[in-house]
Number of protein chains: 2
Amino acid sequence: MKKINFSAGPAILPASVLKQASAAVENLDGSGLSILEISHRSDAFDAVLLEAEQLVRELLNVGDDYGVLFLSGGASSQFFMTAMNLLNPEETAGYLDTGSWSAKAIKEAKHFGKVNVIASSKESNYNHIPREYTIPEGLKYVHLTSNNTIFGTQFKEWPETDLPLVADMSSDILSRRIPLEKFGIIYAGAQKNLGPAGATLVIVRKDLLGKVQRNLPSMLDYRVHIDGGSTFNTPPVYPIYVMMLTLRWIKEQGGLEGMEKLNERKAKLLYDEIDRNPKFRGTVADEQSRSLMNVTFVCTDEADTDAFLAAAEAAGCDGITGHRSVGGFRASIYNSMPYEGVETLVRVMREFE
Amino acid sequence: MKKINFSAGPAILPASVLKQASAAVENLDGSGLSILEISHRSDAFDAVLLEAEQLVRELLNVGDDYGVLFLSGGASSQFFMTAMNLLNPEETAGYLDTGSWSAKAIKEAKHFGKVNVIASSKESNYNHIPREYTIPEGLKYVHLTSNNTIFGTQFKEWPETDLPLVADMSSDILSRRIPLEKFGIIYAGAQKNLGPAGATLVIVRKDLLGKVQRNLPSMLDYRVHIDGGSTFNTPPVYPIYVMMLTLRWIKEQGGLEGMEKLNERKAKLLYDEIDRNPKFRGTVADEQSRSLMNVTFVCTDEADTDAFLAAAEAAGCDGITGHRSVGGFRASIYNSMPYEGVETLVRVMREFE
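These numbers come from a predicted model, not from an experiment. Here the residue numbering is sequential within each chain, running from 1 through the sequence in written order. For this description, chains carry letters from A and ligands carry numbers from 1, given in the order in which they are written. pLDDT decides what is reported in this predicted model: residues at 70 or higher carry local features, side-chain atom pairs at 80 or more are listed and counted, and totals for whole chains, interfaces and linings draw on all residues regardless. The basis for the side-chain values is all heavy atoms of the structure; hydrogens and waters are excluded.

The next thing to look at is the nonpolar core. The criterion is simple. A nonpolar core is a set of buried Ala, Val, Leu, Ile, Met, Phe, Trp, Tyr and Cys residues joined through side-chain atoms within 4.5 Å. Relative accessibility under 20% of the residue-type maximum defines a buried residue, over 50% an exposed one, and the middle range a partly exposed one, all with a 1.4 Å probe and only protein chains included. Residues Y238(A), F308(A), Y238(B) and F308(B) are the most contacted members of the largest nonpolar core, which totals 181 residues. Two residues qualify as a contact provided that any one of their heavy atoms is within 4.5 Å of a heavy atom in the partner residue. Aside from chain neighbours lying at most four places away, what touches Y238(B) is V25(A), L36(A), Y238(A), A21(B), S22(B), V25(B), I35(B) and L36(B).

Given below as structure tokens:
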């Protein structure tokens, strides 16, 4: 039985993407070669990279003032690379602390400059997105995690500031429309909304670069990758290929407007059931902070937990166990999760009631 | 027609590996999930990582005094990470300069410490491996590129020194037996002898770590990845999976002894033909420097070049164009290249004569 994958990441991919991705491993578009063994400087891979970049630019409305990079190393590498490329030792960046990933970004940025934590929801176990805070003068940029996989919260309104935002969008990239011009850097590990693990999308405003004094190793300098068109070194060919297939699929679904509508419908279906069904309770404190990507909830009676997990798994729902920091359940319903997948989970919840 | 892939990298993989790698993208071992969408913390991926590590340890005879890591970022990231983790600013490392990749390693190491280029074959366009040189006192380590893809040269004897060797083995890893105890760090991008692009094998002697004063970002600190069992962050799941399949295949071929015999037979077949056939000439200056992995040669009469290329391609031989720094042809005959593939190329050379 094909399972319905509610994992937080690496996460579900569209069935049509998996089918093409599987075929290309044996024979890429009838070339007689596997996608796993073609040169990263071949015409075939040039076309993949070009299409992936064009799709990102088209879907997010990214102009030539930004570089679009396909790197490796995940968001964890971007935690330090953003600060390393933007922040001199005596300069300060503002950070919004909304979960474990924000905390890691803060820790790594401190290797390269000063960090001012503008707001944090840590005291309430990150159960909401802070909305009352003042952004002080003199910051270089403001960093945020747009969606928090562990705690099921998501920014719905962006900070009111003229400073460039630097955003880890790993878990909600391309799930909705965004005002691109507010962002200096957007980065995202592919393995939630974009593709398999092993590739990282970085969108960076070029005029922010080249202003730090430090000496950067080539692989850590965004400018080197912009100049090299993401092939300064051998990039992760297959993860980028599958990302390109997923980008194509997103476009076919009506682009970001289409994804946004679908994601809102899926989230409403599940949150409505959590709020209606006396057996369950959401863990996020305020409705406006609720994530459309990771829906976190617990059994009202903790003793029901194992029984509900067993019922969900029997219906083919995989990966719904909550993170240990929150407990209970987490249904990750990224772009590629079909509406029918959420319907199945809601049906199990109703039957359980 | 299935082509015979002589590309320098990303490169050929065993047909049986590609078949399993393709099937797992649709359904991993009957789990109902794709290898592209499983969690990197799932039991299924734990088993993949464990088997990959055990195979590396078994094949190369690696003891517990070494960490075995599966990272991303390629050898290009290791150029600076090795120096960043081993070398204080006032300390000096020795580098053997045998080609473009050595030169890049030298450039990146200089960000973190002093570099003494002990020997170089640059003056003769890197057409041999230097053998007459003295290793000065007081170095922290000696770095070398064990095989030079562009120039078709390879170390057959290792430097005589008690210093730890740090080796970029991207293009001949697991192609032959090596005296592991001589090495402090071995690193290799997967995409030549180990698997697809996107994963990097690093084998590091633990007692060398923790001796630099600098503050390392987590993702750049080998100790963090050793402690995290290569899952400090989300690793490149699929490239590691395919690497594991390739490691299994290498073991099935008789391990390194088996690979060594096969690689010697393949190289002998091709070099013998280059030396015998008046239409061709090898580009490496001395026989002892000739690479068993990348066989570089030119047409004796340059005017024959296009015609021979056309004849080879008509026979299904793909990717034999030489690097622009050397010209002519380069047949990369890594582990996964079957003997019959080399026979086909040799047959074309004979017919061309």
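All names here are of chain A. Two strands qualify as a pair provided that DSSP identifies no fewer than 2 bridges between them. A run of H or I in DSSP counts as a helix once it spans at least four residues, and a run of E counts as a strand once it spans at least two, with each numbered from the N terminus. Strand order in the open sheet formed by three strands is β11-β12-β14, and the pairing between neighbours is antiparallel. The open sheet has two free edges, formed respectively by β11 (280-282) and β14 (329-332), since each of these has just one partner strand. The mean angle between the axes of side-by-side strands here comes to 35 degrees, regardless of whether they run parallel or antiparallel. Across four bridges, the pairing between strand β12 (residues 294-299) and β14 is antiparallel. Every axis in this analysis is a line fitted to C-alpha atoms, fitted for helices over the stretch in contact. Angles between the N-to-C directions lie between 0 and 180 degrees.

Following G9(A), the chain continues to P10(A) via a peptide bond in cis, the omega torsion being -10 degrees. A positive phi is found at L174(B), a non-glycine position, where the angle reads about 60 degrees. Take L174(B): it is sitting in the loop between β8 (165-168) and β9 (183-189).

It is worth spelling out the state of the cysteines at this point. Residues and elements named next belong to chain A. Working definition: a disulfide is two cysteine sulfur atoms within 2.5 Å of each other. The final tally for this structure, using the stated rule, is zero disulfides over all chains. C317 forms no disulfide, and the closest cysteine sulfur to it belongs to C299, at a distance of 14 Å. Accessibility expressed as a relative area gives 1% for C317, which makes it buried.

All names here are of chain A. Reading across the sheet, the seven strands line up as β2-β10-β9-β8-β5-β3-β4 and stay open at both edges, with mixed pairing between neighbours. Whereas interior strands pair on both sides, the edge strands pair on one side only; in this sheet they are β2 (66-71) and β4 (114-120). Within the sheet, the average angular offset between the axes of one strand and its neighbour, ignoring direction, is 20 degrees. Where strand β3 (residues 92-97) and strand β5 (residues 142-145) come together, two bridges link them in parallel fashion. Bridge pairing in β5 places Y95 opposite H143. Sheet strands touched by helix α3 (residues 74-86): β2, β3, β8 (165-168), β9 (183-189) and β10 (200-205). Its angle to β9, the strand with the most contacts, is close to 155 degrees.

Listed by partner, the interface residues are 52 residues for chain B and 52 residues for chain A. The term buried area means the drop in 1.4 Å probe accessible area that two parts suffer when joined, counted for both and summed. Of the roughly 4,100 Å² buried between chain B and chain A on both sides combined, carbon and sulfur atoms contribute 57%. By the criterion of area lost to chain A, the three top residues of chain B are P10(B), L36(B) and E37(B), representing 15% of everything that side buries. One speaks of a salt bridge when a side-chain nitrogen belonging to Lys or Arg is within 4 Å of a carboxyl oxygen belonging to Asp or Glu. The residue E37(B) makes a salt bridge to K2(A) at a minimum N-O spacing of 2.9 Å. Among the secondary structure elements, those contributing two or more residues to the side of chain B that touches chain A are α1 (15-26), α3 (74-86), α4 (100-109) and α6 (237-252) of chain B. Per-element tally for the side of chain B that touches chain A: the top contributor is α1(B), with six residues. Under the grouping applied here, Gly and all other residues not named as nonpolar or charged are polar, the nonpolar ones being Ala, Val, Leu, Ile, Met, Phe, Trp, Tyr, Cys and Pro and the charged ones Asp, Glu, Lys and Arg. Its residues assigned to classes, the side of chain B that touches chain A shows 25 nonpolar, 19 polar and eight charged.

UniProt positions are given in the numbering used here, feature names are shortened, and annotations may be inferred rather than shown by experiment. As recorded in UniProt, the sites labelled "binding site: pyridoxal 5'-phosphate" (unreviewed entry) are A75(A), S76(A), W101(A), T149(A), D168(A), Q191(A), N233(A) and T234(A). In summary, the annotated positions, distributed over 160 residues, remain apart in three dimensions as well, the widest C-alpha pair reaching 30.9 Å. Counting through the fold element by element, T149(A) comes out in the loop between β6 (147-148) and β7 (153-154). In this structure T149(A) touches W101(A), S171(A), K192(A), N294(A), R330(A) and Y334(A), once residues within four positions along its chain are discounted. Of the polar contacts made by the side chain of T149(A), one reaches the side chain of W101(A); its length is 3.2 Å. Checked against the element boundaries, Q191(A) lands in the loop between β9 and β10. Every residue in contact with Q191(A), bar those within four places of it in the chain, is listed here: G9(A), P10(A), A11(A), P196(A), A197(A) and T234(B). Whenever a nitrogen or oxygen atom comes within 3.5 Å of another N or O atom, the pair is scored as a polar contact, on the condition that within protein one atom can donate a hydrogen and the other can accept it, and that pairs from neighbouring residues in sequence are kept only if both atoms are in side chains.

What follows concerns the pairing of β2(A). All names here are of chain A. Taken across its six residues, β2 has six buried, putting it largely inside the fold. What you see with β2 is no split at all: Y66, V68 and F70 on one side and G67, L69 and L71 on the other are buried throughout. Here β2 pairs with β10 via six bridges, running antiparallel. Within β10, the residue paired with L69 across the bridge is V202.

This part is about the side chain of S102(B). All names here are of chain B. Within the secondary structure, S102 is located in helix α4. Overall, S102 belongs to the buried group, its relative accessible area being 0%. A distance of 2.7 Å separates a polar atom in the side chain of S102 from a polar atom in the side chain of T145. Aside from chain neighbours lying at most four places away, what touches S102 is L96, D97, T145 and N148.

Attention now goes to the packing of aromatic side chains. Residues and elements named next belong to chain B. Whether two aromatic rings pair depends on their centres lying within 6.5 Å, for rings of Phe, Tyr and Trp, where Trp uses its six-membered ring; planes under 30 degrees apart make the pair stacked, over 60 edge-to-face, and the rest tilted. For the coordinates displayed, the defined rule picks out 31 aromatic pairs over all chains. Ring centres of F280 and F308 lie 4.7 Å apart, and the angle between their planes is 65 degrees; this geometry places the pair in the edge-to-face category. Remark: F308 occurs in helix α8 (residues 305-314) and F280 occurs in strand β11 (residues 280-282); sequence separation between them is 28 residues. According to the relative accessible area criterion, F280 is buried, its value standing at 5%. On the basis of relative accessibility, which here comes to 0%, the residue F308 falls in the buried class. Taking the centre distance of 6.2 Å and the plane angle of 40 degrees together, the rings of F280 and F352 count as tilted. Of this pair, F280 sits in strand β11 while F352 is found in helix α9 (residues 339-352), placing the two residues 72 residues apart along the sequence. Grouping residues by exposure puts F280 and F352 together as buried.

Residue and element names in this part refer to chain A. Topologically, S146 is positioned in the loop between β5 and β6. Distance in space between the C-alpha atoms of S146 and S77 is 17 Å, their sequence separation being 69 residues. Setting aside chain neighbours within four positions, we find S146 in contact with Q154, F155, W158, D168, M169, D172 and R176. Of the polar contacts made by the side chain of S146, one reaches the side chain of D172; its length is 2.5 Å.

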